[in-house]
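# Coordinates in review
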Amino acid sequence: MTGNAAWGFSSRQGALPTVSVVITTRNRRDDLCRALESVLRQTFPSEIVVMDDASEDGTAACIRGRYPHVRVIRSEARLGLVVQRNRAAAAARGMIVFSLDDDAVFVEPDTVARVVPLFAHPRVGAVAMPIVNVVDGRRNPLWNPVLPEPGFWIAPVYQGGAHAVRRDLFLELGGYEEALFQWGEEDSYCRKLYANGYVVRVAECGVTEHYPNPAGRHERAKNVWIYRNAILNVWFSAPGLLVPALWLFESLRWLYSGVRNPRSLPVVLEGLARGFWWSMTHPAKRSPLCVRDYMFSLRLRASKVKRLDEEEAPRGSSGLLTDPRAAHGGGTLPMAVFKGKRKK
């Protein structure tokens, strides 16, 4: 047995944070096996958890038979990607939880090992990992920024297909908004991170390759979720005074794309209508940020990446990028192994 299956946590590794790699899947058994092989090649030891969202292709039985050391948690009814990612974080035993799409692979064997030390800084709540789509042999950047120079760079959001989060913080902040069901869950969670004094750090590690598989992807349904969730993400996070203007912006943005491609216009209208209907019928689901925090998130999104020291507020002031430890126990991971890297 090779890879993670052969690893054990020795006493000299006791200071290292434990890691879980979680993969949510539905009806992509072969792709999932390829993803698992890339995780097993990692040099850093980790628990591996597969969340089977009511697959009908024998995924659970296959994985249990082929990879007996992998935890498989199967749902009899379909719950959706977002709910399953929340359940995966709750079930994981690691202090740091990596999430990998079932049709993606870690290319380099040290990807996990290079990301883990980034959590030594107490403000890091999540790490954004580079990821590219591979279509017909060509690599198309999905999220793969070119950093101007080495340093502590932060991003507004990570891609769901390849990222890592601090598990205790993820659970404390409530995880993802489960009403989103599919697509777009990262946006509102990353805003919550920043509003509570944490950041999304950019990783300089091996790229993750994503091989988009049409299996299980109904294009029309996928797009309905995208348009619907654009409205919901505004509803969840935006200050009340900004909601009408942001809703207008999102509506015009997607309607414009629908006018340019008339075949998609009915799907755009359906998605927007579903988003407005859900928002109006669930007023209690809002957890808005203050105006300053929300505007910061918009500025950061516009700049793509920023150095932490360019945006860090004076310690002791309220809101974004202040010391989170008093309120949320940040920096509680046992990072003694990374001597000199953790800032006090």
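Throughout what follows, the structure given in this document is the object of discussion.

Let us now look at the overall build of the protein. Secondary structure summary: the protein contains 12 helices and 13 strands in total. Considering only residue pairs separated by 6 or more positions, the protein has 78% of its internal contacts joining residues 24 or more positions apart.

To continue, consider helix H1 (residues 29–40). In a regular helix each residue adds 1.5 Å, so 12 residues correspond to 16 Å; H1 covers 16 Å between its end C-alpha atoms and thus fits that length. What H1 keeps buried is the set Asp31, Leu32, Cys33, Ala35, Leu36, Ser38, Val39 and Leu40. Where the residues of H1 are buried, they touch strand S1 (19–25), strand S2 (47–53), helix H2 (59–66), strand S4 (96–100) and strand S5 (104–106).

Turning our eyes to something else, we now look at the pattern of salt bridges. Counted under the stated rule, the structure contains 18 salt bridges. Close ionic contact of Asp30 with Arg29 constitutes a salt bridge, the shortest N to O distance being 3.9 Å. A residue is classified by how much of its surface remains accessible, and Asp30, at 57% relative accessible area, is exposed. Its salt-bridge partner being Arg71, residue Glu47 comes within 2.6 Å of it at the nearest N-O pair. Here Glu47 is found in strand S2, whereas its partner Arg71 is found in strand S3 (residues 71–75), with 24 residues between them in sequence. Judged by its relative accessible area of 14%, Glu47 is buried. Within the structure, one salt-bridge network assembled from shared partners comprises Arg28, Asp102 and Asp103.

Attention now goes to the pairing of S3. Each regular strand displays side chains that alternate between the two surfaces of the sheet. Across 5 bridges, the pairing between S2 and S3 is parallel. The residue bridging Asp53 from the neighbouring strand is Ser75, located in S3. The handedness of the S2 to S3 crossover, carried by H2, is right-handed.

As a further point, take helix H6 (residues 185–195). The buried count for H6 comes to 10 of 11 residues, which makes it a mostly enclosed element. By the burial criterion, the buried members of H6 are Glu185, Glu186, Asp187, Ser188, Tyr189, Cys190, Arg191, Lys192, Leu193 and Tyr194. Positive backbone phi, at 90 degrees, marks Gly197, one or two positions downstream of H6.

Okay, the packing of aromatic side chains next. All told, the structure shown has 9 aromatic pairs when counted by the stated rule. Geometrically, the ring pair formed by Phe236 and Trp278 is edge-to-face, given 5.7 Å between the ring centres and 75 degrees between the ring planes. Taken as a pair, Phe236 in helix H7 (residues 219–237) and Trp278 in helix H9 (residues 265–281) lie far apart in primary sequence, 42 residues in all. Taken individually, Phe236 and Trp278 each receive the classification buried, so the pair is uniform in this respect.

Attention now goes to the packing of H1 against H2. When two helices pack together, you describe them by how their axes are tilted relative to each other and by the distance separating the axes. Direction vectors running N to C along H1 and H2 enclose 35 degrees, while the axes themselves pass 10 Å from each other. The crossing of H1 and H2 is right-handed. When H1 is examined against H2, the residues Arg29, Leu32, Cys33 and Leu36 are found in contact with a partner set consisting of Thr59, Cys62, Ile63 and Arg66. When the residues that make up the contact of H1 with H2 are grouped by side-chain class, the tally is 5 nonpolar, 1 polar and 2 charged.

Before going further, it helps to spend a moment on unusual backbone geometry. Positive phi, close to 55 degrees, is recorded for Ala54, a residue that is not glycine. Tracing the backbone through its elements, the reader meets Ala54 in the loop between S2 and H2. Positive phi is not limited to glycine here, since Asp136 has a value of about 55 degrees. Within the secondary structure, Asp136 is located in the loop between strand S7 (131–135) and strand S8 (138–143).

Bringing the sheet that holds S1 into the picture now. Sheet architecture is open: 9 strands sit in the order S3-S2-S1-S4-S10-S6-S11-S9-S13, paired in mixed fashion. Looking at which strands have only one partner, the edges of the open sheet turn out to be S3 and strand S13 (306–307). The pairing of strand S6 (residues 124–128) with strand S10 (residues 162–166) spans 3 bridges and is classified as antiparallel. Within S10, the residue paired with Ala128 across the bridge is His163. In the packing of H6 onto the sheet, contacts are made with S6, strand S9 (153–155) and strand S11 (199–202), and the angle to S11 comes to roughly 110 degrees.

Conventions we followed
Residues numbered from 1 in each chain as written. Predicted model: local features only at pLDDT ≥ 70, side-chain atom pairs only at ≥ 80, totals over all residues. Heavy atoms only, no water. Helix = DSSP H or I, 4+ residues; strand = E, 2+ residues; numbered from the N terminus. Contact = heavy atoms within 4.5 Å. Expected span 1.5 Å × (residues − 1). Buried < 20%, exposed > 50% of the residue type's maximum accessible area, 1.4 Å probe, protein only. Salt bridge = Lys/Arg side-chain N within 4 Å of Asp/Glu carboxyl O. Pairing = 2+ DSSP bridges. Right-handed = clockwise from strand over helix to strand, strands pointing away. Phe/Tyr/Trp six-rings, centres within 6.5 Å; stacked < 30°, edge-to-face > 60°. Axes fitted to C-alpha atoms, helices over the stretch in contact; angles between N-to-C directions. Left-handed = near helix turned anticlockwise from the far one by under 90°. Nonpolar A, V, L, I, M, F, W, Y, C, P; charged D, E, K, R; others polar.

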